[in-house]
Amino acid sequence: MKYSTLMATGLLLALGASAQQIDSSYANDYYKGRMALFATFPQQRGAIVFLGNSITERGAWHELLPGKKIVNRGIGGDNTFGVLARLDDVIASKPAKLFLLIGINDLGRGLPETVVLSNYRSILERLRSGAPKTKIYVQSVLPMHESKLPDYLKNKAEKVKSLNVGIAALAKEFGLPFLTLHEWAADGQGELKSEYTGDGIHLTPPAYAAWVAWLQSQKVL
């Protein structure tokens, strides 16, 4: 992976994000371990790829979508910098479809929305240019359940909403479908349904079943 190229990109973004210190790190031990695991797998061309962080990683996509060629490329704790760094392998596999969900960990570490959206733009540019036949589905960042959250993620509901507005605008600009996951995941107050989460952010098994059922109802799976 061309990590040096990505880090240079992160530094350039940092220069454009006022005087705030930008944490562009991503390659922790867990990330490296997942990447090493992925490298042992045979490449599956033409698969349905789920790309994102722990919310994606924890999905039992193979079991929920029997008979389909599924590739899970979720890495717990990942952010937009980390996704950028590992796109080459994803692009090389020429997925039939790709479902992208990333951004909450960027907000969790306090990255400016401008930086997150700049990374998001780069992700979409590279996917479009490298895998032009892949059907790319941009998914909204999920809501969270405030009362169950750890302190570092509290009081970020408005930031999630604002980021989703920016992500939706990028999806429209690139001519890509934007999937509003709040339609199935949110309660009447706009929070992640209590029965769908134990810690306020990660999903329970019934939530994944609801997610897949909703994607199928949207005729994208």
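All figures in this text were calculated on a predicted structure; none of them were measured in a lab.

A. Layout of helix H11 (residues 205-217). With 13 residues, H11 ought to run about 18 Å at 1.5 Å a step, and its terminal C-alpha atoms sit 19 Å apart, in line with that. Buried within H11 are the following residues: Ala 207, Tyr 208, Ala 210, Trp 211, Val 212, Trp 214 and Leu 215. Two residues or fewer after H11 comes Lys 219, characterised by a positive phi angle close to 65°.

B. Structural view of the sheet that holds strand E2 (residues 70-74). Spatial ordering of the open sheet is given by E2-E1-E3-E4-E5, a layout of five strands whose pairing is parallel. One side of each edge strand has no neighbouring strand; the edge strands of this open sheet are E2 and strand E5 (178-179). Pairing between strand E1 (residues 48-52) and E2: five bridges, direction parallel. Bridged to Val 49 within E2 is Val 71.

C. Helix H2 (residues 29-40), seen in detail. Between the first and last C-alpha of H2 there are 17 Å, a value that for 12 residues agrees with the 16 Å anticipated at 1.5 Å per step. Among all positions of H2, only Tyr 31, Arg 34, Met 35 and Phe 38 are buried. Viewed along the axis of H2, the buried residues span an arc of 100°, placing them on a single side of the element. H2 presents Asp 29, Ala 39 and Thr 40 as exposed residues on the side facing more than 90 degrees away from its buried surface. By the N-cap criterion, in which a side-chain oxygen at the helix start approaches the backbone nitrogen of a residue two or three places on, H2 is capped by Asn 28, the distance to Tyr 30 being 3.2 Å.

D. Summary view of the environment of Lys 68. Along the chain, the position of Lys 68 falls in the loop between helix H4 (61-64) and E2. Exposure remark for Lys 68: the relative accessible area of 39% places this residue in the partly exposed category. Spatially, the C-alpha atoms of Lys 68 and Phe 174 are 27 Å apart, while their sequence positions differ by 106 residues. Apart from the residues within four sequence positions on either side, Lys 68 is in contact with Ile 48 and Leu 221.

E. Focus on the pairing of strand E3 (residues 97-101). Burial within E3 is extensive, with five of its five residues counted as buried. Because side chains alternate across E3, one face comprises the buried residues Lys 97, Phe 99 and Leu 101, and the other comprises Leu 98 and Leu 100, equally buried. With five bridges joining them, E1 and E3 adopt parallel strand pairing. Note on E3: the bridge partner recorded for Phe 50 is Phe 99.

F. Looking closely at the side chain of Arg 73. Mapped onto the secondary structure, Arg 73 falls in strand E2. Of the side chains with opposite charge, Asp 89 lies nearest to the buried Arg 73, which makes no salt bridge, at 7.1 Å. Once you skip the residues sitting within four places of it in the chain, Arg 73 turns out to touch Phe 38, Phe 41, Val 49, Phe 50, Leu 51, Gly 52 and Arg 86.

G. Structural detail: the confidence of the model for the protein. When pLDDT is averaged along the protein, the result is 92; 91% of the residues meet or exceed 70. Across residues 1-15, confidence stays below pLDDT 50; counting only partners more than four residues off in sequence or on other chains, it has 22 contacts.

H. Broad picture of the packing of helix H8 (residues 113-130) against helix H9 (residues 157-173). In the contact formed by H8 and H9, the axes pass within 10 Å of each other and the chain directions differ by 30°. Comparing the axis directions of H8 and H9 gives the class roughly parallel. You can see that H8 and H9 cross each other, and the crossing is right-handed. On H9, the residues that touch Glu 113, Val 116, Leu 117, Tyr 120, Arg 121 and Leu 124 of H8 are Lys 159, Ser 162, Leu 163, Gly 166, Ile 167, Leu 170 and Glu 173.

Thresholds, definitions, all that
- Residues numbered from 1 in each chain as written.
- Predicted model: local features only at pLDDT ≥ 70, side-chain atom pairs only at ≥ 80, totals over all residues.
- Heavy atoms only, no water.
- Helix = DSSP H or I, 4+ residues; strand = E, 2+ residues; numbered from the N terminus.
- Expected span 1.5 Å × (residues − 1).
- Buried < 20%, exposed > 50% of the residue type's maximum accessible area, 1.4 Å probe, protein only.
- Pairing = 2+ DSSP bridges.
- Arc of directions from axis to C-beta.
- Polar contact = N/O pair within 3.5 Å; in protein donor to acceptor, adjacent residues only side chain to side chain.
- Contact = heavy atoms within 4.5 Å.
- Lys, Arg positive; Asp, Glu negative; His and termini not counted.
- Salt bridge = Lys/Arg side-chain N within 4 Å of Asp/Glu carboxyl O.
- pLDDT = per-residue confidence, 0-100.
- Axes fitted to C-alpha atoms, helices over the stretch in contact; angles between N-to-C directions.
- Parallel < 35°, antiparallel > 145°, perpendicular 65-115°, else oblique.
- Left-handed = near helix turned anticlockwise from the far one by under 90°.

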